[in-house]
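Descriptive structure summary
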Amino acid sequence: MHFDENLIRSVVAQVLAEVGPMPAASNGKPAGGQHGIFYDAASAVTAARRAFEQLRERSLADRKQIIDIIRRISIEQCEELGLMEMEETKVGRPEHKIEKLRTLGELSPGVEFLETKCFSGDHGLAIIERAPFGVIGAITPVTHSLPTITGNAVSMIAGGNTVVVNPHPSGKRVAAEGVRRFNEAIAAEMGIDNIICVIAEPTLESANELFAHRDVALICVTGGPAVGRAALNSGKRAIVAGPGNPPVVVDETADFDNAARCIIQGASYDNNLLCIAEKEVFVVDSVFDKMMDAMRRAGAVQLNSEQIARLTSKAIVKVGDDKHDAACKDFIGRDASVLAEAAGVSVPSGTELVFGETDEHHPFVSVEQMMPFLPFVRARDVDHAIAMAKKYEHGFRHTAMIHSRNVHNMTKMGREMDTTLYVKNGPSMASLGLGGEGYLSFSIAGPTGEGVTTPATFTRERRCSMIDELRVV
């Protein structure tokens, strides 16, 4: 499924016409304060705290009904909201923006993930239950602005919390519109407004204010290293979904055609914006040419060394005082045809991925580039491939993939990489239930150890004990 830009603009124009401008206060500034839209962190937290106090009086069945409202909107309105996000952020692919919202509506974990434990013995009963934190402060990325809000909101509300979101500025409009729709429907059907609040004009200052607010009990960050460090230094409990640079290993026993299809599917999904996506591939030298042939058969377009050098000169830039390599923002999340054009190549319409051979020291190997170009590196043997995979994953312990029929090699790499997600013989997204088993969340908390987040992630443990009574057996 592909969309042209005129279709996207026409749909978005219709949506924005229906939304209309934000209401203005008497001083001429936006008023906000209704259906989750706020213009300062303090007001948003106050409203979210008031909503939490209402929510805590409601039943578990009411939480489920609130979540069902969010699911319904995410599924039924995925096309117009997905296209709105595409138009605003200008990164990724419109069909995948739509699919992410729809699948989050279908697969995000809800109240069923909350488990009660009971211990019964000679001295009575002990019940361990999951309780909410209260108001959660959240930071969301431009790569998945409304999808991250949607998935987090389902899990957080299932746990009994409310949330205030400081979205990435480049995705603030779709974030505010999605939150407005969620809250409007929840208020109409359940009588509680501002369960999800969003800062409509997000800044670094509003993020810092959110982190420091006394009524914010927990922080959840999905983003890069800098914002993750800020959350960890806030003095509050933080759940941090940090960066990744997921490697792929292909050994001599792999099904090369299946490996090629899976690698293309994962690396091209939303133009490689997912933090779990395949970023670099290490192939055992004895089968390297077979793997490259399989990639071409599967529809990817191979670049030669000169073309890769031309692309690199434009798509990788030097930043910071230390002049380290980084992805150029003009190429992040862009179509493969845009990268090919930068390399001086014309590719067939619908090409999802370009690829080519590099050495291990190439910046496309070491940088989390988030573009549909994939570097392939020769390895002496599987041990060398695993060693390079570990080196260039940078110790994030995020995601890794292997294509192999050798169980010993799979086991060895799994132990060596120690990643939160580890995929064998499939595309990266299968680890999140998209073509594999499991549930879906776009916040994968590697740095703080929670893994793929669920409602239980956003709860605290409470124990209630009855001493010497109520054991009736």
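Given the structure is predicted, the values throughout are model-derived calculations rather than measurements.

Take the overall build of the protein chain next. Counting its secondary structure elements, the protein chain contains 16 helices and 20 strands. Against the globule reference of 23 Å for 473 residues, the protein chain gives a C-alpha radius of gyration of 23 Å, in line with a compact fold. With the C-alpha coordinates of the protein chain rotated into their principal frame, the extents come out at 65 × 65 × 45 Å. Counting only residues that meet the buried cut, the protein chain has 55% of its 473 residues in that class. Relative to all contacts within the protein chain whose residues are 6 or more apart in sequence, the contacts with residues 24 or more apart total 74%. Total accessible area on the protein chain is roughly 20,100 Å²; 49% of this is exposed by carbon and sulfur atoms.

As a further point, take the sheet that holds strand β2 (residues 117–121). A sheet is described by the order of its strands in space; here three strands give the open sequence β2-β3-β20, paired in antiparallel fashion. Edge positions in the sheet fall to β2 and β20 (459–467), since each of these pairs with one other strand and no more. Neighbouring strand axes in the sheet, compared pairwise and without regard to direction, differ in orientation by 15° on average.

With that out of the way, let us pick up the environment of Ser268. Here Ser268 shows up in helix α10 (residues 256–268). For Ser268, a relative accessible area of 2% corresponds to the buried category. Measuring from C-alpha to C-alpha, the distance between Ser268 and Glu352 comes to 5.7 Å, with 84 residues separating the pair along the chain. Excluding residues that lie within four positions of it along the chain, Ser268 makes contacts with Arg93, His96 and Glu352. Within the structure, Ser268 has its side chain in polar contact with the backbone oxygen of Ile264 (distance 2.6 Å).

What follows concerns the pattern of salt bridges. Under the criterion given, the structure shown has 27 salt bridges. The shortest N-O distance in the salt bridge between Asp325 and Lys318 comes to 2.8 Å. Note on Asp325: relative accessible area 28%, which makes it partly exposed. Members of the salt-bridge network, linked through shared partners, are Glu80, Glu177, Arg180, Arg181 and Glu184.

We now examine the pairing of strand β8 (residues 237–241). Within β8, four of the five residues are buried, which leaves it mostly tucked inside the rest of the structure. Judged from the five bridges that link them, strand β7 (residues 216–222) and β8 form a sheet pairing that is parallel. From the neighbouring strand, Cys220 faces β8, where its bridge partner is Ile239.

This next bit is on the packing of aromatic side chains. Within this structure, the stated rule accounts for four aromatic pairs. Both rings, one in Phe113 and one in Tyr439, keep their centres 4.9 Å apart while their planes meet at 75°; by these two values the pair is edge-to-face. Taken together, the positions of Phe113 in the loop between α5 (94–107) and β2 and Tyr439 in the loop between β17 (421–424) and β18 (444–445) put the pair 326 residues apart, joining distant regions of the chain. Overall, Phe113 belongs to the partly exposed group, its relative accessible area being 29%.

Turning to the sheet that holds β7, a few remarks are in order. The strand order β1-β6-β5-β4-β7-β8 describes an open sheet built from six strands, whose pairing is parallel. Edge strands, defined here as strands with exactly one partner in the open sheet, are β1 (37–38) and β8.

Core analysis: the biggest nonpolar cluster contains 45 residues, and Ile70, Ile157, Ile195 and Ile196 have the highest contact counts within it. Counting residues per element, this core draws most heavily on helix α7 (residues 172–190), at eight residues. In this structure, Ile195 is in contact with Ala51, Leu55, Ile66, Ile157, Thr162, Val163, Asn183 and Ile186, ignoring residues within four places of it in sequence. Counting 41 residues, the second-largest nonpolar core is a separate cluster that includes Phe282, Val365, Leu374 and Ala385.

Mapped onto the elements of the fold, Thr148 is located in helix α6 (residues 145–158). Leave out the neighbours within four places in its chain, and Thr148 touches Thr140, Pro141, Thr222, Phe442 and Ser443.

Once that is clear, we can look at α5. Its 14 residues give α5 an end-to-end C-alpha distance of 20 Å, which sits within 8% of 20 Å, the value for a rise of 1.5 Å per residue. Across the 14 residues that make up α5, a large majority, 10, are buried. Within α5 the residues assigned to the buried category are Pro94, Glu95, His96, Lys97, Ile98, Lys100, Leu101, Thr103, Leu104 and Gly105.

Evaluation of the coordinates by the stated rule reveals one cavity of 30 Å³ or more. If you add up the space inside the largest cavity, you get close to 50 Å³. As for the largest cavity, its lining consists of His144, Leu274, Cys275, Ile276, Leu432, Phe442 and Ile444. Partitioning the lining of the largest cavity into residue classes produces six nonpolar, one polar and no charged.

Let us now look at the confidence of the model for the protein chain. For the protein chain, the mean per-residue pLDDT works out to 92, and 93% of the residues sit at or above 70. Here residues 19–31 is a poorly scored stretch, pLDDT under 50, and it has 18 contacts once near neighbours within four places are set aside; other chains count.

Criteria and cut-off values
- Residues numbered from 1 in each chain as written.
- Predicted model: local features only at pLDDT ≥ 70, side-chain atom pairs only at ≥ 80, totals over all residues.
- Heavy atoms only, no water.
- Helix = DSSP H or I, 4+ residues; strand = E, 2+ residues; numbered from the N terminus.
- Rg over C-alpha atoms; globule rule 2.2 N^0.38 Å.
- Buried < 20%, exposed > 50% of the residue type's maximum accessible area, 1.4 Å probe, protein only.
- Contact = heavy atoms within 4.5 Å.
- Areas by Shrake-Rupley, 256 points an atom, 1.4 Å probe, with all protein chains shown as cover.
- Pairing = 2+ DSSP bridges.
- Axes fitted to C-alpha atoms, helices over the stretch in contact; angles between N-to-C directions.
- Polar contact = N/O pair within 3.5 Å; in protein donor to acceptor, adjacent residues only side chain to side chain.
- Salt bridge = Lys/Arg side-chain N within 4 Å of Asp/Glu carboxyl O.
- Phe/Tyr/Trp six-rings, centres within 6.5 Å; stacked < 30°, edge-to-face > 60°.
- Core = buried A, V, L, I, M, F, W, Y, C linked by side-chain atoms within 4.5 Å.
- Expected span 1.5 Å × (residues − 1).
- 1 Å grid on protein atoms, 1.4 Å probe; cavity = no way out; pocket = protein on both sides within 12 Å on 5 of 7 lines; lining within 4 Å.
- Points joined across faces, edges and corners; volume = space filled by probe spheres on them.
- Nonpolar A, V, L, I, M, F, W, Y, C, P; charged D, E, K, R; others polar.
- pLDDT = per-residue confidence, 0-100.

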